[in-house]
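Now for the letters of each chain:
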Amino acid sequence: MSKISRRTFAASTAAVAASAAFGFKPAFADEAYPTRPIQLICPWGAGGGTDATARIVGVLLEKEFGQPVNVVNRTGGSGVVGHSAIATAAADGYTLGIITVEIAMMHWAGLTQLTPKDFTPLALMNEDPPGIQVKADSAYKTVKDLADAIKGSAPGKFKASGTGQGGIWHLALVGWLKAMGLPPNQVAWVPSNGAAPAMQDLAAGGIDFTTCSIPEARAMIDAGKARSLAVMAPKRAATFPDVPTLKEAMGVDYTTGAWRGFAGPKGLPQPIAAKLTASLKKIFDSKEYNDFMSSRGFGVLWNDASGYAAFMDKADAQMGEAMKAAGIAKT
Amino acid sequence: MDALLTASRLILDPYVLWVITASAAFGMFVGAMPGLTATMATALLVPVTFFMDPVPALGAIVTATAMAIFAGDIPAALLRIPGTPASAAYTDESYAMSKKGQLDLNLGVNLVFSVLGGFVGVAILIVCAPALAEVAINFSSFEYFWLALLGLTCAVFMTSDVPLKGITSLLFGLAINCIGIDPAAGYPRFTFGSVELLQGISFIPAMIGMFALSELLRGMVHADAQGAVIAQKIGNIFSGVFGVFKRYWFNFLRGSAIGVLIGALPGAGADIAAWISFAVSKRFSKEPEKFGTGHIEGIVDATSANNSALGGAWIPALVFGIPGDSITAIVIGVLYMKGMNPGPTVFLQNPQFIYAVFIIFILANILMLPLGWIAIKGGKQLLRVPRNVLLPVILMFCLVGSYAMTNSIYGVIMMVVMGLIGWLMEEHGFPIAPAILGLVLGEMLEQNFMTSMIKADGAFIMFFERPIAATLGVMTLLIWGTMLWRGIRGRPATLGEAAPAP
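Residues numbered from 1 in each chain as written. Chains lettered and ligands numbered in written order. Predicted model: local features only at pLDDT ≥ 70, side-chain atom pairs only at ≥ 80, totals over all residues.

Here we come to the overall build of chain A. Tallying secondary structure elements over chain A gives 12 helices and 11 strands in all. For 331 residues, the compact-globule estimate of 2.2 N^0.38 gives 20 Å, and the C-alpha radius of gyration of chain A, at 21 Å, lies within 12% of that figure. Seen through its C-alpha atoms, chain A measures out along the principal axes to roughly 65 × 40 × 40 Å. Taking the intrachain contacts of chain A between residues at least 6 apart in sequence as the baseline, contacts between residues at least 24 apart amount to 75%. (Helix = DSSP H or I, 4+ residues; strand = E, 2+ residues; numbered from the N terminus. Rg over C-alpha atoms; globule rule 2.2 N^0.38 Å. Contact = placed C-beta atoms within 7 Å.)

Below you can see the structure in the form of structure tokens.
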């Protein structure tokens, strides 16, 4: 009994068992750090895109450091729970996390006090722009058709979805409407539990279009149930070369995106942070990371610690503005 | 055909077979331990599968979950504690049977019909995955709203004597479901500024608390009343099972069919399948008065349904990348990780992997028979363990299980609080199952109602405008109307029972 319970306990406290079974040879680092296992907190559930990104980076960090890196999912509360767990951990470099675009949004919505300033940014490693998807048999063949129809309709007649109320894809919609000179309530937002249920509702005919990212819509597009009309990015995605950008398709220059980066709690010692950023850069340039990201259709984008801090400040301001425009900001 | 051969070759690798066997044992153990669930087994396998090739990775998950869903029946029969939420619907019935001295038959039926239900699930997955997925994705929020409402009706069938207490319990479940972030507007409710409460009442820790902890507390208070009764010898569990099959083959087919359909609907899995098929069984039974006294009929329906739902849940997951339940929600991530992007193209690009999944499903169900038999034999040893050793061990797993669901002490606190509430409820004759049902369906109900209202711009008539929604809606209203009418006429509010109220 004791043997079994010990094993299960080990397994349930994350990937200890896995990393033990694949023990890598210890590295001979100049500095002492890291001398024990690192916990990598993921604010989103096992199996999702953020989880997958955290795990591939975790595996590569483990190779880099020769210490186990355990990905721990702290989910719920629209991301508040996990982001809080990262921000409030001891700033010793043994608890890190993957932080997502929501950190620049949750505090505007009044869900938490946390802002990007409560973290030590390490590196930005991914960004995915939103797309505009319609049902396969929709009458709208181009994004211009859709935009014209929206402009000519009564406010709220068109319904869109992609994530929860005030989520990143909701803001993408608001931003797009604003760029076209339309009020944010020109299209009604139907909150969903994420991109997959929204894509399903699109196929079921419950909504008119979705503004989730193309990788999230990919299965339905491949299935011939949906079409992507445009991508809200400066340039076309390498994995979806046939989908035009908003600027190409209708001359509207609006871009945004959901991003993921790595960070520690505020006040991480400088040598540790520098070492982590250097290791993350190595991972970012590695074949494993790039193969993995492109296999899922995820975009790659690099920013080092200071670049990431500036990037987050800019995102924070942009999100605040969009959320105020949409009437969902509380602060 | 080539793909089929390749698939068989991929599986007949000794390493793959080793992984399958090991995950089968792992799944059996996780399922049989109250507090550890099939979804958790999958989540625990994610980091391990990260290092594997696609076939062993998927094999591990398919096998472990199939075993876990069956194994959840064992503690339900032995201890009145469901091993996984999928067994919660018929735990009382199963334990009542054991108390009557029919433990062997009970476990035998659970094992054999789990295996058979699993076969039906995978057969339908193989034969009509694309066609069924077509149907399943046509469900919009209007249809889901009616389904959730229809599901709540099951609470009535879980309440044996005082309907008011059952409804109170159901409303309690729905009420605590409001804690956390509002699924439609994203506004925090009843969180008192606590970060942890933002995640709401997590279903798994609550279920562990209300079923397992409350049972442990009861065992402590009434030290002699529990457990000892069923410490009977486990003989040949297969004797009598054929007789049950001959008598209830239709229940088996109906349960399996309901299981696959509910499994294939995005968002509803094995637990809801078991509840609905159990309620259907009672509603259409020729002898509904026997339900609650240790009657095998409903168990046949429900134990077939929860295993067939597993196969069903893979249908929308493989065809459209839309999870059919909480297990396939994780599986989709693993599929992407292994470069098998879900969608119809996966059948063209990687047919050997899809065939491999099918073969593993079949293999897992074959393997379930001997392994389940061993697990049941092991359960017999479990009963020999003195209760003052056994109960603390179960408690420990409840603690570990609820911690692992949230990766924080919050899950443990939740489990303990819900356990105390569940114990107090049972002591005063309030059934627990409706509260759990409220917790399971509450968010589905609220979210789909809100999103439907947004889509309909507030017009209720939209709930009847789509053909499937209209059918479901009329059905629900008819059932509720009948119950109300019967209630007014002084009959018990259960549809199935014709006997006057005591």
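This is not the end of the story, as more comes after the structure.
The next thing to look at is the overall build of chain B. Looking only at helices and strands, chain B has 20 helices and two strands in total. Relative to the globule expectation of 23 Å for 502 residues, the C-alpha radius of gyration of chain B, 22 Å, shows essentially globular dimensions. Oriented by its inertia axes, the alpha-carbon framework of chain B measures out at about 65 × 60 × 50 Å. Residue burial in chain B is summarised as follows: out of 502 residues, 62% are buried. Sequence separation of at least 24 residues holds for 77% of the intrachain contacts in chain B that already meet a minimum separation of 6. (Buried ≥ 20, exposed ≤ 12 C-beta atoms within 10 Å, placed from the backbone.)

We now examine the interface of chain B and chain A. Facing the 52 residues of chain B at the interface are 54 residues of chain A. Secondary-structure elements contributing two or more residues to the side of chain B that touches chain A are α3 (38-49), α13 (296-320), α14 (326-337), α17 (387-406) and α19 (433-455) of chain B. Considering each element in turn, the side of chain B that touches chain A owes the most residues, seven residues, to α14 of chain B. Residue composition of the side of chain B that touches chain A, grouped by class: 34 nonpolar, 15 polar and three charged. (Nonpolar A, V, L, I, M, F, W, Y, C, P; charged D, E, K, R; others polar.)

All names here are of chain A. The element helix α7 (residues 195-203) is extensively covered by neighbouring structure, given that nine of its nine residues are classed as buried. By the burial criterion, the buried members of α7 are Ala195, Ala196, Pro197, Ala198, Met199, Gln200, Asp201, Leu202 and Ala203. Looking one or two residues beyond α7, the residue adopting positive phi is glycine 205, at roughly 85 degrees.

The next thing to look at is the domain arrangement of chain A. All names here are of chain A. Domain assignment breaks chain A into domain 1 (37-128 + 258-326) and domain 2 (131-250). If you average the C-alpha positions of domain 1 and of domain 2, the two centres end up 26 Å apart. Across the boundary between the two partners, domain 1 contributes 16 residues, which contact 14 residues of domain 2. Considering every element that reaches the side of domain 1 that touches domain 2, the biggest residue donor is helix α12 (residues 305-326), with five residues. Along the lines of polarity and charge, the residues of the side of domain 1 that touches domain 2 split into 10 nonpolar, four polar and two charged. (Domains from an automatic or database assignment.)

Residues and elements named next belong to chain A. With mixed pairing, the six strands of this open sheet are ordered in space as β2-β1-β3-β10-β4-β11. Unpaired on one side and paired on the other, β2 (69-73) and β11 (300-303) mark the two borders of the sheet. For this sheet the average axis-to-axis angle between neighbouring strands, irrespective of direction, equals 25 degrees. In this sheet, strand β10 (residues 258-265) lies alongside strand β4 (residues 119-128) in antiparallel orientation, the contact comprising eight bridges. For proline 121, the partnering residue across the bridge sits in β10 and is alanine 263. (Pairing = 2+ DSSP bridges. Axes fitted to C-alpha atoms, helices over the stretch in contact; angles between N-to-C directions.)

A general trend in soluble globular proteins is that nonpolar side chains are found buried together. With 292 residues, the main nonpolar core has Met199 of chain A together with Met67, Ala274, Ile315, Ile360, Ile436 and Leu437 of chain B as its most contacted residues. Tallying contributions element by element places helix α7 (residues 103-136) of chain B first for this core, with 18 residues. Domain assignment of the residues forming this core places at least three in each of domain 1 (37-128 + 258-326) and domain 2 (131-250) of chain A. Excluding anything up to four places from it in sequence, isoleucine 360 of chain B contacts Ile11, Ile20, Leu58, Gly59, Val62 and Thr63 of chain B. (Core = buried A, V, L, I, M, F, W, Y, C linked by C-beta atoms within 7 Å.)

Moving on: unusual backbone geometry. In this structure, proline 34 of chain A follows tyrosine 33 of chain A across a cis peptide bond, with omega equal to -10 degrees. Topologically, proline 34 of chain A is positioned in the loop between α2 (16-21) and β1 (38-42). Backbone geometry at arginine 80 of chain B places phi at a positive 65 degrees, although glycine is not the residue there. Tracing the sequence through the fold places arginine 80 of chain B in the loop between α5 (73-79) and α6 (91-99).

What follows concerns the confidence of the model for chain B. All names here are of chain B. Chain-level pLDDT for chain B is 86 on average; 94% of the residues reach the 70-or-more range. Confidence, expressed as mean pLDDT per element, reaches its minimum in chain B at helix α15 (residues 345-349) with 74 and its maximum at helix α18 (residues 409-427) with 94. Every residue in residues 225-229 is under pLDDT 50, and counting partners more than four places away or in other chains gives six contacts. A low-confidence stretch, residues 493-502 (pLDDT under 50), is modelled with 23 contacts involving residues beyond four sequence positions or located in other chains. Quick note on the complex model: pTM equals 0.81, ipTM equals 0.77. (pLDDT = per-residue confidence, 0-100.)

Note that isoleucine 413 of chain B resides in helix α18. It is 9.7 Å that separates the C-alpha atoms of isoleucine 413 of chain B and alanine 206 of chain B, two residues lying 207 residues apart in sequence.

Residue and element names in this part refer to chain B. Interhelical geometry of helix α2 (residues 14-32) versus helix α4 (residues 54-71) gives an angle of 30 degrees and a closest axis separation of 7 Å. Here α2 lies roughly parallel to α4, going by the angle between them. Note that α2 runs across α4; the crossing there is right-handed. Here the contact of α2 with α4 is built from residues that sort into 19 nonpolar, six polar and no charged. (Parallel < 35°, antiparallel > 145°, perpendicular 65-115°, else oblique. Left-handed = near helix turned anticlockwise from the far one by under 90°.)

With that out of the way, let us pick up the environment of lysine 282 of chain B. Residue and element names in this part refer to chain B. Mapped onto the secondary structure, lysine 282 falls in helix α12 (residues 270-284). Overall, the presence of 26 C-beta atoms within 10 Å leaves lysine 282 in the buried class. As for lysine 282 and aspartate 301, which are separated by 19 residues in sequence, their C-alpha atoms are 9.6 Å apart.

Residues and elements named next belong to chain A. A sheet is described by the order of its strands in space; here five strands give the open sequence β7-β6-β8-β5-β9, paired in mixed fashion. Two strands bound the open sheet, and with one partner strand each, they are β7 (187-189) and β9 (226-231). In terms of strand pairing, strand β6 (residues 158-161) meets β7 through three bridges, oriented parallel. Bridge pairing in β7 links alanine 160 to tryptophan 189. Running over the sheet, helix α8 (residues 214-222) touches β5 (131-135), β8 (209-210) and β9 and is turned about 150 degrees from β9.

Its place among the elements puts aspartate 291 of chain A in helix α11 (residues 287-295). Put simply, aspartate 291 of chain A and tryptophan 176 of chain A are 115 residues apart on the chain and 31 Å apart in space, counted from C-alpha to C-alpha.

Residue and element names in this part refer to chain A. Contact geometry of α7 with α8 gives a least axis separation of 9 Å together with a crossing angle of 35 degrees. Handedness of the α7/α8 crossing: right-handed. Together, Ala195, Met199 and Ala203 of α7 and Glu216, Ala217 and Met220 of α8 make up the contact between the two elements. Of the residues belonging to the contact of α7 with α8, the class tally is five nonpolar, no polar and one charged.

Further remarks concern α2 of chain B. With 19 residues, α2 of chain B ought to run about 27 Å at 1.5 Å a step, and its terminal C-alpha atoms sit 27 Å apart, in line with that. Turning to α2 of chain B, its buried residues number three or more, namely Val16, Val19, Ile20, Ser23, Ala24, Phe26, Gly27, Met28, Phe29, Val30, Gly31 and Ala32 of chain B. (Expected span 1.5 Å × (residues − 1).)

Residue and element names in this part refer to chain A. Burial within β5 is extensive, with five of its five residues counted as buried. Here β5 runs beside β8; their pairing, made up of two bridges, is antiparallel. Note that in β8 the partner of glutamine 133 across the bridge is threonine 210.

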